[in-house]
Amino acid sequence: MRFDEDRFSGNIESQRGMGGGGGGLGGAGGLLLGLVASRFGIGGIVVVLLVMFLFGGLGSVFQGGGGQQAVGPNTGQASADICRSDPTTRFACNVYTRTEEVWAQLYQAQGERFDPPKLVFYSQAGRSGCGAAQSAMGPFYCPLDQGIYIDTDFFTELSQRFGAPGDFAGAYVIAHEMGHHIQTISGINDQIRSAQRGVGEAQQNALQVRMELQADCLAGVWAAQANRAGATLEAGDLEEGLRAAAAIGDDTLQRSAGRRPVPESFTHGTSAQRQEALRRGFQGGTPDSCAGYMQGV
C-alpha cells in the first residue's frame, strides 16, 4: 500500500518547536506504554491506565455515534505545510488521512456522521489534553481532547529497535490509535469505566487488554476497507503489520526488558493475541468483526 499522495486531512497540527508540556505521563492508548511499564514497574502505570484508558468498545461500533461532524478531504494550507515538512511526516499524514476517510465512509454507510480526531506532531516532548506527551511513550491517543499524538522518530525505533520495518508497520500503529478514537466516540466509555470500578488490578488490566486488542482489530478493518477502496495492499504488507503487532506484545516487551512475563500485569495483550486481533479485523473487514472483544463487559 502506497502512502505518497498529496491529499491531507485538515485535522493536523504541529507542536514542534514549541517546547514540552507539564510533568506527568500524558495520554493514553500508546503502543509503548507496556514498554514503559516493563522498564519502570507496573504500579504507577496502572494508575494512569485506569484514569486514561477509558475507551469504549463496540457493541456495534456505530451505536451512540450520531450527531457528529462530517469530514471530507483536506485542502487546508496549514495542514499541507506541516505534512510536506519531511518524508516521514508526509507518510504519517497520508496514513492518517486514509484512516479518517475510511471511517467517515463506514459511518456514512450506517447513516451516521463521523467526528474525526486530530493528528498532532511533536518532537521529544509536547502537550496533550491528558498531560505531557513524551516520545518514550510512543504514539498515543488522548480521549480528553480526542487527539492522536506522535513523534515521528518512533518509526525509526519501530524498525531498528523492535525489528518491524516497513510502511505498513507504521500504518498499523496510526490505525491502532484511530481505533481508540472509534472506541471513544462509540458511546460505551461509561460501560468500561463502570466495569473497571470495584474490581482488582488483574481484572482492570484484563479489561484494558480487551480494548487494546479491539483497537488492533479495528486497525485490521481499516486495512481491509482501504484495500477494497483501491489502496491495494502490496506483497508483504500484512506481514509487516503482524511483525509490528508481535514486537509490541506485553510478553515480548517484558522478556526484552529481562523480566519473566507476568500475565496479570499485561495491559495490551501478548504478541500472539495482537497478531490474531489484527488478522481478525483484516479478514472480517467490518467493525462487527471486532465486537466480540467487548462481549460480557
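All of the points below concern the structure found in this document. (Residues numbered from 1 in each chain as written. Predicted model: local features only at pLDDT ≥ 70, side-chain atom pairs only at ≥ 80, totals over all residues. Heavy atoms only, no water.)

What follows is about the packing of aromatic side chains. Within the structure shown, the criterion is met by six aromatic pairs. Here the aromatic rings of F154 and F155 are separated by 6.1 Å at their centres, their planes lie at 65°, and the arrangement is edge-to-face. With respect to burial, F154 and F155 carry one shared label: buried. Aromatic pair F168 and W222: ring centres 6.3 Å apart, planes at 15°, arrangement stacked. Highlighted residues: F168 in helix 6 (residues 167–185) and W222 in helix 8 (residues 201–228), separated in sequence by 54 residues. As far as burial versus exposure is concerned, F168 and W222 are alike and both buried. Every member of this aromatic cluster is reached through a ring pair, and the members are F3, F91, F154 and F155. (Phe/Tyr/Trp six-rings, centres within 6.5 Å; stacked < 30°, edge-to-face > 60°. Buried < 20%, exposed > 50% of the residue type's maximum accessible area, 1.4 Å probe, protein only. Helix = DSSP H or I, 4+ residues; strand = E, 2+ residues; numbered from the N terminus.)

The next thing to look at is the pairing of strand 2 (residues 118–121). The pairing of strand 1 (residues 12–14) with strand 2 spans three bridges and is parallel. When the bridges of strand 2 are listed, I12 appears paired with L119. Across four bridges, the pairing between strand 2 and strand 6 (residues 147–150) is parallel. Within strand 6, the residue paired with F121 across the bridge is I150. (Pairing = 2+ DSSP bridges.)

All right, on to helix 6 then. For helix 6, with 19 residues, the first-to-last C-alpha span of 28 Å sits near the 27 Å given by 1.5 Å per residue. Looking one or two residues past helix 6, G187 carries a phi angle of roughly 95°, positive in sign. (Expected span 1.5 Å × (residues − 1).)

Here the focus is the nonpolar core. Counting 61 residues, the largest nonpolar core has M1, I12, W103, F114, F121, Y172 and W222 as the members making the most contacts within it. With sequence-adjacent residues up to four places away left out, I12 is seen in contact with S79, I82, C83, C93, Y96, L119 and F121. V120, A133, M137 and Y149 belong to the second-largest nonpolar core, a separate cluster that totals eight residues. (Core = buried A, V, L, I, M, F, W, Y, C linked by side-chain atoms within 4.5 Å. Contact = heavy atoms within 4.5 Å.)

What follows covers the sheet that holds strand 6. Judged by pairing direction, the sheet is mixed, and its four strands sit side by side in the order 1-2-6-5 without closing on themselves. Edge strands, defined here as strands with exactly one partner in the open sheet, are strand 1 and strand 5 (140–142). Taking each pair of neighbouring strands and ignoring which way they run, the sheet shows an average axis angle of 25°. Running over the sheet, helix 6 touches strand 5 and strand 6 and is turned about 20° from strand 5. (Axes fitted to C-alpha atoms, helices over the stretch in contact; angles between N-to-C directions.)

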